[in-house]
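For reference, the chains in residue letters:
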Amino acid sequence: MLNTPQLSLAEINNTVPVAGEKAGFLRKLFAFSGPGALVAVGYMDPSNWITSIQGGALYSYLLLSVILLSSLIAMLLQAMCAKLGIVTGQDLAQATRSRVGPKTAALLWITTELAIMATEIAEVIGSAVALNLLIFR
């Protein structure tokens with residue numbers, strides 16, 4: 001008798017029944033739009049998404065409006081950038097550069113780089129702490 005391979009974490013490798021086969025389109029759409037929104041925002045910036053989920057777990061419904069608003073804004077920005085790319089064939093940086101002067105473009109570039117550094121500093125520090133714990137402990 002052959003042993004069938006067992007999935008690791010079998011309790012989470014299951015499907016969740018959402019609606020019956022005869023359920024309408026809107027019911028299925030509503031069932032998947034919540035997890036779809038979380039995945040879309042989590043793909044865009046996972047560290048902020050995890051922080052929001054943790055904050056919601058700690059403070060219950062107090063932060064729910066902030067999480068909802070940030071998710072809606074993130075989805076709006078994703079949709080607008082996708083439309084810009086489809087219509088113009090340029091990404092956001094190329095479209096900005098073609099419509100502003102060189103000084104404004106340089107200022108926007110520096111501001112964007114500083115924003116990227118500010119959002120990534122938590123990941124850099126977290127990675128340094130993790131490596132320190134793994135290597136020197």
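What counts and how
- Residues numbered from 1 in each chain as written.
- Predicted model: local features only at pLDDT ≥ 70, side-chain atom pairs only at ≥ 80, totals over all residues.
- Heavy atoms only, no water.
- Helix = DSSP H or I, 4+ residues; strand = E, 2+ residues; numbered from the N terminus.
- Buried < 20%, exposed > 50% of the residue type's maximum accessible area, 1.4 Å probe, protein only.
- Contact = heavy atoms within 4.5 Å.
- Areas by Shrake-Rupley, 256 points an atom, 1.4 Å probe, with all protein chains shown as cover.
- pLDDT = per-residue confidence, 0-100.
- Expected span 1.5 Å × (residues − 1).
- Bend = angle between axes of the 7 residues up to and from the residue.

A.B. asks: Is there a simple way to explain the overall build of the protein chain in this structure?
C.D. replies: Counting its regular elements, the protein chain contains 5 helices and 0 strands. If you list the helices and strands of the protein chain from N to C, you get α-α-α-α-α. Out of the 137 residues belonging to the protein chain, those deemed buried represent 8%. Intrachain contacts of the protein chain at a sequence separation of at least 6 include 24% that bridge at least 24 residues. Accessible surface, the protein chain: about 11,800 Å² in total, of which carbon and sulfur atoms supply 71%.

A.B. asks: Got a minute to help me understand the confidence of the model for the protein chain in this structure?
C.D. replies: Close inspection of predicted coordinates is inappropriate for parts of the model with low pLDDT. Of the residues in the protein chain, 69% have a pLDDT of 70 or more, and the chain-wide mean is 76. Between the elements of the protein chain, mean pLDDT differs from a low of 70, seen in helix α2 (residues 46-59), to a high of 86, seen in helix α4 (residues 92-99).

A.B. asks: What's the story with helix α5 (residues 102-136) in this structure? I'm lost.
C.D. replies: Because each turn of an α-helix spans 3.6 residues, side chains separated by three or four positions in sequence point in the same direction. The end-to-end C-alpha distance of α5, which contains 35 residues, comes to 48 Å, matching closely the 51 Å that a straight helix rising 1.5 Å per residue would cover. Within α5, the axis deviates most sharply at E120, by approximately 40°.

A.B. asks: Sorry, what's going on with the environment of R99 here?
C.D. replies: On the secondary structure map, R99 appears in helix α4. Beyond its immediate sequence surroundings of up to four residues, R99 is in contact with T88 and Q90.

A.B. asks: I would appreciate a short explanation of the environment of M80 in the present structure.
C.D. replies: Within the secondary structure, M80 is located in helix α3 (residues 64-88). Placed 12 residues apart in sequence, M80 and L92 show a C-alpha to C-alpha distance of 9.6 Å.

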